[in-house]
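# Reading the structure
This is what each chain is made of:
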Amino acid sequence: MKRASALNGGVCLFVFLSVLYIVFFCCAGPAFSTATHTKVSEWNRRNAHLIPSEKENQAILALDQDYSIPWRTGADSDGDGVNDVYDPSPRDWRENGYDPFAVLSFLSWYHDWNAYKYDCDALKKIVDLMKDAGVGMVRFDFLWQDIEPRPGEFHFEKYDYIVDLLTERQVRVLGILGYSVSWAGEAWNYPPYDDATFVNYVREVISRYKNKVKYWEIWNEPDSRAYWVPQDDMKRYTELLKKVYEAAKAVDPSCKIVLGGMTNSGYYAVKNVYRNGGKDYFDVVNIHPFANPLRARAMMQVLAIYHNVRREMDKNGDRDKKIWFTEIGAPGVERPNKENSWWEGVSPTEKQQAAWVGEVYGRLTGLDDVEKIFWAFFRDNLGHFKSGVDFFGLVRWDFTPKPSFYVYKKCAHAVMDKWRMFRGQP
């Protein structure tokens, strides 16, 4: 009787487990499938605008891209880290799909006026730190004064080194094209006397780096008196933008032109670019929505700037264009005082800066039309701005990470792990 009872118990247990197995795969299976399908749909929606047109595709095929890079695999033919089946442009490893984590870093600064910030060793250190943090793109100047110090005399050695270093480590580039060189303009922050000189410099730069750099920003903060003199409601800037856009697309039809980053009053600058006929001469809108994280409604201020710009874009028929925040940040100082304050007042501590990094990337990466968010800056400066602005970095001048570095890294992993399956990662 005991043996029969045990046998009956075993049969019951087997039947129970079988039913549980069927229930799981009949009920949970479709739910899992639906969740995966939803994620695929969201990825495709995020990247639909990156699918090249036929003209762009032909331009990509004509590029001399090096497809022998070590990380290339059979499922990832361009070696950009995204499986071909999910890659919006599987033949162009300059474009690797949605990745909002970016930084502003002055990688081309090696002059007396910036304390010779980046020699070769410093560049290697900082790019390794970027990779560790999860940075997918870096914004820096391709300074006209460096590249063409005298008319027709071009020097690319420094920029070749920087671009190659970033390419080897799969960090994409947003190159800023500006400012005026001494022989071509009244001062560095004035437009050139003759637009043809600037356009020629742009043509030379894009031609040289078109195999490795896809995104080019035309000037920085042209709506600010600090960077563009005289201010004229964006008229002169829009004239230059139109000429540069046409020249850039002639050199590389697949490149993307990013509007010059606008300040907190960017709504008015964007409005004036449209008024001056600039609608068809940029691919991405670019704003700098700074706010003081010590104020209770700091994020509301950022979102208000974004919504105002978005409405202006929609009103002018640019619903499909993306917005990039190419500068957003705040200082992080050990001990706030009068000397290290910034334009918003008292500087946050390093811990308060870290909390702002978490709020910025936690909140803004959820906006569908905000494609990139560049923290300004990646590394502190050595007394360049002589204020709290020198302490915007995620790492200190001596390359030691601040608390904000680790928060940035945590945010990058949290967001990008969602897309791991599309990137061919286990």
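The sections below set out a description of the structure shown in this document. (Residues numbered from 1 in each chain as written. Predicted model: local features only at pLDDT ≥ 70, side-chain atom pairs only at ≥ 80, totals over all residues. Heavy atoms only, no water.)

### Section: helix 6 (residues 195–209)
In this model, helix 6 (15 residues) spans 21 Å end to end at C-alpha, consistent with the 21 Å of a helix rising 1.5 Å per residue. Of all the residues in helix 6, the buried ones are D195, F198, V199, Y201, V202, V205, I206 and Y209. Projection of helix 6 onto a plane perpendicular to its axis shows the buried side chains occupying an angular sector of 160°, all on one side. In this structure, the buried side of helix 6 is in contact with strand 2 (137–143), helix 4 (144–147), helix 5 (157–168), strand 3 (172–178), strand 4 (215–218) and helix 7 (235–251). The N-cap residue of helix 6 is D194: its side-chain oxygen and the backbone nitrogen of A196 are 3.0 Å apart. (Helix = DSSP H or I, 4+ residues; strand = E, 2+ residues; numbered from the N terminus. Expected span 1.5 Å × (residues − 1). Buried < 20%, exposed > 50% of the residue type's maximum accessible area, 1.4 Å probe, protein only. Arc of directions from axis to C-beta. Contact = heavy atoms within 4.5 Å. Polar contact = N/O pair within 3.5 Å; in protein donor to acceptor, adjacent residues only side chain to side chain.)

### Some thoughts on empty space enclosed by the protein
Using the criterion set out here, one finds two cavities of 30 Å³ or more in the structure. Lining the largest cavity, in full, are W93, R94, T167, Q170, V171, R172, V173 and K212. Here the residues of the lining of the largest cavity are counted per class, giving three nonpolar, two polar and three charged. In this structure, the second largest cavity spans a volume of roughly 40 Å³. Every residue along the wall of the second largest cavity is listed here: L50, P52, E56, I60, S89, E95, K214, S254 and K256. The residue makeup of the lining of the second largest cavity, split by class, is three nonpolar, two polar and four charged. (1 Å grid on protein atoms, 1.4 Å probe; cavity = no way out; pocket = protein on both sides within 12 Å on 5 of 7 lines; lining within 4 Å. Points joined across faces, edges and corners; volume = space filled by probe spheres on them. Nonpolar A, V, L, I, M, F, W, Y, C, P; charged D, E, K, R; others polar.)

### Re the environment of R208
With respect to the helices and strands, R208 occurs in helix 6. Residue classification places R208 among the partly exposed residues on the basis of a relative accessible area of 43%. Taking the C-alpha atoms as reference points, R208 and F156, separated by 52 residues in sequence, lie 8.8 Å from one another. When residues no more than four places from it in sequence are discounted, the contact partners of R208 are F156 and D160.

### Here's the deal with the packing of helix 3 (residues 120–133) against helix 11 (residues 403–416)
What describes two packed helices is the angle between their axes and the distance between those same axes. Between helix 3 and helix 11, the least distance of the axes is 8 Å, while the angle of their chain directions is 50°. With respect to helix 11, the element helix 3 is oriented oblique. Across the interface between the two elements, L129, D132 and A133 of helix 3 pack against F405, Y408, K409 and A412 of helix 11. (Axes fitted to C-alpha atoms, helices over the stretch in contact; angles between N-to-C directions. Parallel < 35°, antiparallel > 145°, perpendicular 65-115°, else oblique.)

### Describing the layout of surface pockets
Its volume calculated, the largest pocket comes out at about 750 Å³. Lining the largest pocket are 31 residues; nearest its centre among them are Y179, W188, N220, Y227 and F385. Those elements giving two or more residues to the lining of the largest pocket turn out to be strand 2, helix 4 and strand 3. Among the elements that make up the lining of the largest pocket, the one with the highest residue count is strand 2 (three residues). Residues of the lining of the largest pocket, tallied by class, amount to 17 nonpolar, nine polar and five charged.

### Concerning the pairing of strand 6 (residues 284–287)
Here strand 6 shows two buried faces, one formed by V284 and N286 and the other by V285 and I287. Where strand 6 lies against strand 7 (residues 322–328), four bridges are found, and the strand directions are parallel. Looking at the pairing, V285 lines up with I323 of strand 7. Crossover strand 6 to strand 7 through helix 9 (residues 298–315) is right-handed. (Pairing = 2+ DSSP bridges. Right-handed = clockwise from strand over helix to strand, strands pointing away.)

### Examining the nonpolar core
In a soluble, globular protein the nonpolar side chains are often hidden away together inside. Ranked by size, the top nonpolar core spans 109 residues in total, and within it F142 and F378 carry the most contacts. Setting aside residues no more than four positions away along its own chain, F378 makes contact with V103, L104, S105, I126, L129, M130, A133, V135, G393, L394, V395 and F405. (Core = buried A, V, L, I, M, F, W, Y, C linked by side-chain atoms within 4.5 Å.)

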